[in-house]
Amino acid sequence: MAAEERVARLEVDMQELRELVQSNALAIAALSQQSARTDQTIAALSQQSARTDQTIAALSQQSARTDQTLNQLGQRVDQVSQTVDRLGNRVDSFVYEAQRLFTQIGGLAAETKASVDSLVAVTRAHSRHIEEMQAEVRGLQTENRRILERWDQEE
């Protein structure tokens, strides 16, 4: 019986070995499926990484363009600032000249008013003098008429 026991034992061992092989085959199949899913995940992550790299490259280009635009904008702001400064200086100069002219015009207006007042006074004096002369002329005319009338009567 020792040989039969050995054969029975071998059969049991063979059955265990078959079960173990079958179990290993199932485990290998599961691992293969897991490996396939992992490969798919790795491929998806690689594609996502490639898209991310493309997005980063596009963002880098956009950032470079934004930096360039900001630099140009900064230069333009500097130019506008310089223009505003020049215009401010011109406005200040204009205001100064306008004030100077108004002051000059005010002085000339005062001088003109004084001259007009003086001319009005002279004109009034002349008008009075003319009236006096006209009165004197009328008096002389009246006296001349009397003299002429006397001569006419004497003749």
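Since this is a predicted model, take the numbers as computed values, not measurements.

Check the secondary structure of the protein chain and you find 1 helix and 0 strands. The globule rule puts the C-alpha radius of gyration for 155 residues at 15 Å, and the 63 Å found for the protein chain is more than 25% above it. When the backbone C-alpha atoms are referred to their principal axes, the protein chain occupies close to 215 × 25 × 20 Å. Summed over its atoms, the accessible surface of the protein chain is roughly 14000 Å², and 57% of this surface lies on carbon and sulfur atoms.

Quick look at the pattern of salt bridges now. Counted according to the given criterion, the structure contains 2 salt bridges. Measuring nitrogen to oxygen at the nearest pair gives 2.7 Å for the salt bridge that ties R100 to E97. Of this pair, R100 and E97 both sit in helix α1 (residues 2-154), 3 residues apart, which is roughly one turn of that helix. Accessibility expressed as a relative area gives 30% for E97, which makes it partly exposed. The residue D117 makes a salt bridge to K113 at a minimum N-O spacing of 3.1 Å. Of the two residues, D117 and K113 are both situated in helix α1; the distance of 4 residues between them amounts to about one turn of the helix.

Relative to the helices and strands, I56 resides in helix α1. On the basis of relative accessibility, which here comes to 47%, the residue I56 falls in the partly exposed class. Between the C-alpha atom of I56 and that of E149, which follows or precedes it by 93 residues, the distance is 131 Å.

Attention now goes to a nonpolar patch on the surface. A cluster of nonpolar residues, M14, L17, L20 and V21, forms a patch on the protein surface that exposes about 360 Å² of accessible area. Structurally, L20 is set in helix α1. Judged by its relative accessible area of 48%, L20 falls in the partly exposed class.

Scoring rules and cut-offs
- Residues numbered from 1 in each chain as written.
- Predicted model: local features only at pLDDT ≥ 70, side-chain atom pairs only at ≥ 80, totals over all residues.
- Heavy atoms only, no water.
- Helix = DSSP H or I, 4+ residues; strand = E, 2+ residues; numbered from the N terminus.
- Rg over C-alpha atoms; globule rule 2.2 N^0.38 Å.
- Areas by Shrake-Rupley, 256 points an atom, 1.4 Å probe, with all protein chains shown as cover.
- Salt bridge = Lys/Arg side-chain N within 4 Å of Asp/Glu carboxyl O.
- Buried < 20%, exposed > 50% of the residue type's maximum accessible area, 1.4 Å probe, protein only.
- Patch = residues over 30% accessible without salt bridge, like charges linked within 9 Å, V, L, I, M, F, W, Y side chains within 5 Å.

Don't take any of this as a statement about function, it's just geometry.
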